[in-house]
Amino acid sequence: MARFDDKAVLVTGAASGIGAAVALMFAKENARLALIDKPGSPIPEEIGRQSSAIIPCDLGDPVAAENAVSRCQAALGGIDIVSYNAGFPVQGPRSDITPDEWRAHFDADVHGIYFLIRAARAALMAARGCVVNTTSIAALGGDPGMPAYDAAKGAALQLTNSLALELGPHGVRVNSVCPTLIKSPNAEPVERDAELYERVTGSIPLRRIGEPEEVAAAVLWLAGPEASYINGVALPVDGGLSASNGQPDMRNHHRQGPN
């Protein structure tokens, strides 16, 4: 028997990257899927044919989010699990972010979570279900030149914590995963730049970027019965990057004794 036999699972950001890996992994464990992604983002055929509903939606729009959740709930007969993976692509180090770009980060990373969970709240409470939000290690510490991304991801993490406190008494668990750079269309510019890729992987103790399936496995674990007493946790999936306090490696320096 699979962990998610007949569970009704809503996955956002399912067109690519982590969201696509999450959807496929839930499907392999016999979950019933409803998928949401922004308009113009085609869902891969392998995922789409295993889904009960595919809904294009801008989740930053509260009315659109409510309508999308209602359609998902109707298709699935309820909602047991929400996996939120939508996000605004990182623009890279910039000091000239436009107001529209700033708002787009928050619409995707913060407002979308709030409007989606607000619409799914009653269904999740009825199912005593759970939510797993994909945030980022950027929610745990800042990055040079990335104020919009870092601020939005930090807000998403604190929203997750607040929802865990609010919904926990109703039997609904709310957690987050915090990945570092993961192989996806957004990571391709880094992978193409050999010097940048070496600097990025050199900062990660495992010396590589992550695979979408590695994040998806963490999402499914947090959503599954093994994590039934885990609520309000931010789980880094980052190859050990967040274990560092930022100090340089000083092991090759000779230690000097007292004068």
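Before going into details, it helps to say that this report is about the structure given with it.

Here is what the cut-offs are and how they apply
Each chain has its residues counted from 1, running along the sequence as written. Only residues with pLDDT of 70 or above have their local features reported here, since the model is predicted, and side-chain atom pairs are shown and tallied only from 80 upward, although totals for entire chains, interfaces and linings are computed over all residues. With hydrogens and water stripped out, all remaining heavy atoms of the structure feed into the side-chain values. We count a stretch as a helix when DSSP gives it H or I for four or more residues in a row; a strand needs E for two or more, and each element gets its number in order from the N terminus. Working convention: axes come from line fits to C-alpha atoms, limited for helices to the stretch in contact. Angles between N-to-C directions cover 0 to 180 degrees. An angle counts as roughly parallel when it lies under 35 degrees, as roughly antiparallel when it exceeds 145, as roughly perpendicular when it falls between 65 and 115, and as oblique in every other case. Put simply, a crossing is left-handed when the front helix is turned counterclockwise from the back one by less than a right angle, and right-handed when it is turned clockwise. Contact between two residues is taken to exist if any of their heavy atoms lie within 4.5 Å; hydrogens are not considered. Buried residues of nine kinds, namely Ala, Val, Leu, Ile, Met, Phe, Trp, Tyr and Cys, make up a nonpolar core once their side-chain atoms join them within 4.5 Å. Only protein chains enter the accessibility calculation, which uses a 1.4 Å probe; a residue is then buried when its area is under 20% of its type maximum, exposed when over 50%, and partly exposed in between. Here, a strand pair is defined by DSSP locating no fewer than two bridges between the strands. This count recognises Lys and Arg as positive and Asp and Glu as negative, with His and chain-terminal groups excluded. Every case where a carboxyl oxygen of Asp or Glu lies within 4 Å of a side-chain nitrogen of Lys or Arg is listed as a salt bridge. Pairs were defined over the aromatic rings of Phe, Tyr and Trp, the Trp ring being its six-membered one, requiring ring centres within 6.5 Å. Orientation was assigned from the angle between planes: stacked under 30 degrees, edge-to-face over 60, tilted for the rest.

Below, the discussion takes up the environment of Asp-249. Checked against the element boundaries, Asp-249 lands in the segment after strand E7 (234-237). Separated by 87 residues in the primary sequence, Asp-249 and Ser-162 have C-alpha atoms spaced 37 Å apart.

Glancing now at the packing of helix H4 (residues 99-127) against helix H5 (residues 147-167). In contact at an axis separation of 7 Å, H4 and H5 are set at 15° when each is read in the N-to-C sense. Classified by the angle their axes make, H4 and H5 are roughly parallel. In the packing of H4 onto H5, the handedness of the crossing is right-handed. When H4 is examined against H5, the residues Trp-102, His-105, Phe-106, Asp-109, Val-110, Ile-113, Tyr-114, Ile-117 and Arg-121 are found in contact with a partner set consisting of Pro-147, Ala-148, Tyr-149, Ala-151, Ala-152, Lys-153, Ala-155, Ala-156, Leu-159, Leu-163, Glu-166 and Leu-167.

Core analysis: the biggest nonpolar cluster contains 35 residues, and Leu-10, Ile-36, Ile-79, Val-82 and Leu-116 have the highest contact counts within it. Those elements giving two or more residues to this core turn out to be strand E1 (8-12), strand E2 (32-37), strand E3 (51-56), helix H3 (62-76), strand E4 (81-84), H4 and H5. For this core, the leading source of residues is H4, giving nine residues. Discounting residues that sit within four places of it in the chain, Ile-79 has contacts with Ala-8, Leu-10, Val-69, Gln-73, Ala-120, Ala-123, Leu-124 and Ala-127. In this structure, Ala-15, Ile-81, Val-177 and Val-237 belong to the second largest nonpolar core, which totals 30 residues.

Further remarks concern unusual backbone geometry. In terms of backbone geometry, most residues other than glycine have negative phi values and most peptide bonds are trans. Positioned with a positive phi, Asp-6 is a non-glycine residue whose angle comes to about 65°. Of note, Asp-6 is situated in the segment before E1. One non-glycine residue, Arg-128, lies in positive phi territory at about 50°. With respect to the helices and strands, Arg-128 occurs in the loop between H4 and strand E5 (130-134). Relative accessible area serves as the criterion here: at 57%, Arg-128 is assigned to the exposed category.

Once that is clear, we can look at the sheet that holds E4. Here we have seven strands laid out as an open sheet, ordered E3-E2-E1-E4-E5-E6-E7, and parallel in their pairing. On the outer flanks of this sheet lie E3 and E7, each paired with one strand and no other. Looking at each pair of strands side by side, their axes are set apart by 15° on average, direction ignored. The pairing of E5 with strand E6 (residues 173-179) spans five bridges and is parallel. Bridged to Thr-134 within E6 is Val-177.

Looking now at the side chain of Asp-150. Residue position: Asp-150 is located in helix H5. One buried charged residue, Asp-150, forms no salt bridge at all, with the nearest opposite charge on Lys-153 at 9.5 Å. Not counting residues up to four positions away in its chain, the partners in contact with Asp-150 are Ala-138, Gly-141, Gly-142 and Asp-143.

Before going further, it helps to spend a moment on the environment of Tyr-149. By the element assignment, Tyr-149 lies in helix H5. For Tyr-149 and Pro-89, which are 60 residues apart along the polypeptide, the C-alpha to C-alpha distance reads 8.6 Å. The residues touching Tyr-149, leaving out its near neighbours within four places in the chain, are Phe-88, Val-90, His-105, Ser-136 and Ala-138.

Turning to the pattern of salt bridges, a few remarks are in order. Scanning the model with the defined rule gives nine salt bridges in all. Put simply, Glu-29 and Arg-3 hold a salt bridge, and the shortest N to O gap is 2.7 Å. In this pair, Glu-29 is assigned in the loop between helix H1 (17-28) and E2 and Arg-3 in the segment before E1, connecting sequence segments 26 residues apart. Glu-29 sits in the buried class, given a relative accessible area of 17%.

Here the structure, examined in full by the defined rule, presents three aromatic pairs. Look at Phe-4 and Phe-26: their rings are 4.9 Å apart centre to centre, the planes differ by 75°, and that puts the pair in the edge-to-face class. Here Phe-26 lies in helix H1 and Phe-4 lies in the segment before E1, a separation of 22 residues in the sequence.

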